[in-house]
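# Chains, contacts and geometry: an overview
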Amino acid sequence: MIPRGETTRGQTTSRRQKAPHGPERSPIRAAFVALRPRQWVKNLLLFGGIIFAAEVDDPLKWLQAFAAFALYCAASSAAYLVNDLRDVEADRTHPVKHGRPIARGELRPRIAGALVGALLAVAFALAAWLGSPSVLCLFAFVVLQTAYSIGLKNVVLIDVLAIAALFVIRAVAGAIAVDVRISPWLLVCTGLLALFLALGKRRAELLLVEAERTPGRRVLAGYSPAVLDRLLVAVAFATAVVYVLYTLTARDSYALVLTVPFVIFGLGRYLHLVRESDRGEEPENVLLGDTPILITVAAWAALCAAILIQT
């Protein structure tokens, strides 16, 4: 019997011949792509603690923040590998995911499993250097990510709430790593923004299913475009409101209110892209590939930095 996610050499070769997806990658290149480095942009959230606490002049805290960023990149990549091993057969029939190294047969399951172990070892070693609270945060992240891969991703609404919770854990971990206090409003805003992106992803996936371009994941049977559209608008509105409350309560000065228009435009722009352009299945591609969003994020970050340094 062949374990789930594995194929014989003959089957792998056959699949490559039936569905060529470009030139074959070298083992090292395939392993790197399987780590999904583009997804590491999510872990920039780990720097929120040091930036929003205005501790940018402390070299040690920056070292701790970079260590936290690195360990969550390692843990996230380990989770992606586990997920790809479990979903290898479904990925081969997916219009976007069929190019993943494990689905293409470029990265053998045994090597992927070894990478998972190595990445988790590195992650927990860095967390141990940062201290026991960081180890606990990482443990919670790994447990929730595993639960998501095993079953939570198949439960309507729980799936997107789990994704949001993973982002909140990142935000908390970033603050713990550099030993600073983070505003509860900022944590709520982080969770809502992650929920917004997750709902947009589900909507894009559902449209692919309805267009018969992919069989889709099981949980999509519990969603509809109309419901997702309403949820997207509601969550975008809630995110904007919570961010406004954060700017009014985070510091003695109200100067951060000046950043609110950038947040509202960014949310509106992303909502437009998801609803009108049917994009959103790969949120990182939308965020990194849309010039207005990139300019907005850069302007927001620059203004925030200037205000936080001055106040």
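In short, a report on the structure. Quick caveat, the model's predicted, so the values are computed rather than measured. (Residues numbered from 1 in each chain as written. Predicted model: local features only at pLDDT ≥ 70, side-chain atom pairs only at ≥ 80, totals over all residues. Heavy atoms only, no water.)

## Describing the overall build of the chain
When you go through the chain residue by residue, the secondary structure sums to 14 helices and zero strands. In the chain, the succession of helices and strands from N to C terminus is α-α-α-α-α-α-α-α-α-α-α-α-α-α. Looking at the 311 residues of the chain, the share that counts as buried comes to 45%. Counted over contacts in the chain with a minimum sequence separation of 6, partners at least 24 positions apart contribute 70%. (Helix = DSSP H or I, 4+ residues; strand = E, 2+ residues; numbered from the N terminus. Buried < 20%, exposed > 50% of the residue type's maximum accessible area, 1.4 Å probe, protein only. Contact = heavy atoms within 4.5 Å.)

## Considerations on the pattern of salt bridges
Throughout the structure, instances matching the rule amount to nine salt bridges. Taking the shortest distance from any N to any O, the salt bridge between glutamate 106 and arginine 104 comes out at 3.4 Å. Accessibility assignment for this pair places glutamate 106 and arginine 104 in one class, buried. Notably, a salt bridge pairs arginine 203 with aspartate 229, separated by 2.5 Å at the nearest N-O pair. Pair noted here: arginine 203 is in helix 10 (residues 184-210) and aspartate 229 is in helix 11 (residues 225-249), with a separation of 26 residues, a long-range link. (Salt bridge = Lys/Arg side-chain N within 4 Å of Asp/Glu carboxyl O.)

## What to know about the packing of helix 4 (residues 59-86) against helix 7 (residues 109-130)
Running from N to C, helix 4 and helix 7 cross one another at 155 degrees; their axes reach a closest spacing of 8 Å. On the basis of their axis angle, the class for helix 4 and helix 7 is roughly antiparallel. In this structure, the crossing between helix 4 and helix 7 has a hand that is left-handed. Looking at the contact of helix 4 with helix 7 residue by residue, the class counts come to 22 nonpolar, three polar and no charged. (Axes fitted to C-alpha atoms, helices over the stretch in contact; angles between N-to-C directions. Parallel < 35°, antiparallel > 145°, perpendicular 65-115°, else oblique. Left-handed = near helix turned anticlockwise from the far one by under 90°. Nonpolar A, V, L, I, M, F, W, Y, C, P; charged D, E, K, R; others polar.)

## Focus: the nonpolar core
Of all hydrophobic cores here, the largest spans 82 residues; its most connected members are Tyr72, Leu81, Leu138 and Phe196. The residues touching leucine 138, leaving out its near neighbours within four places in the chain, are Leu71, Tyr72, Ala75, Ala123, Phe124 and Ala127. (Core = buried A, V, L, I, M, F, W, Y, C linked by side-chain atoms within 4.5 Å.)

## A word on a nonpolar patch on the surface
Side chains of Trp185, Val188, Phe237, Val241, Leu245, Leu248, Tyr254 and Val257 sit close together on the surface and give an oily, nonpolar patch of about 720 Å² of accessible area. Residue assignment for the nonpolar patch shows that the elements contributing at least two residues are helix 10 and helix 11. No other element matches helix 11, which puts four residues into the nonpolar patch. Considering the arrangement of structural elements, one finds leucine 245 in helix 11. Residue classification places leucine 245 among the partly exposed positions, given a relative accessible area of 31%. (Patch = residues over 30% accessible without salt bridge, like charges linked within 9 Å, V, L, I, M, F, W, Y side chains within 5 Å. Areas by Shrake-Rupley, 256 points an atom, 1.4 Å probe, with all protein chains shown as cover.)

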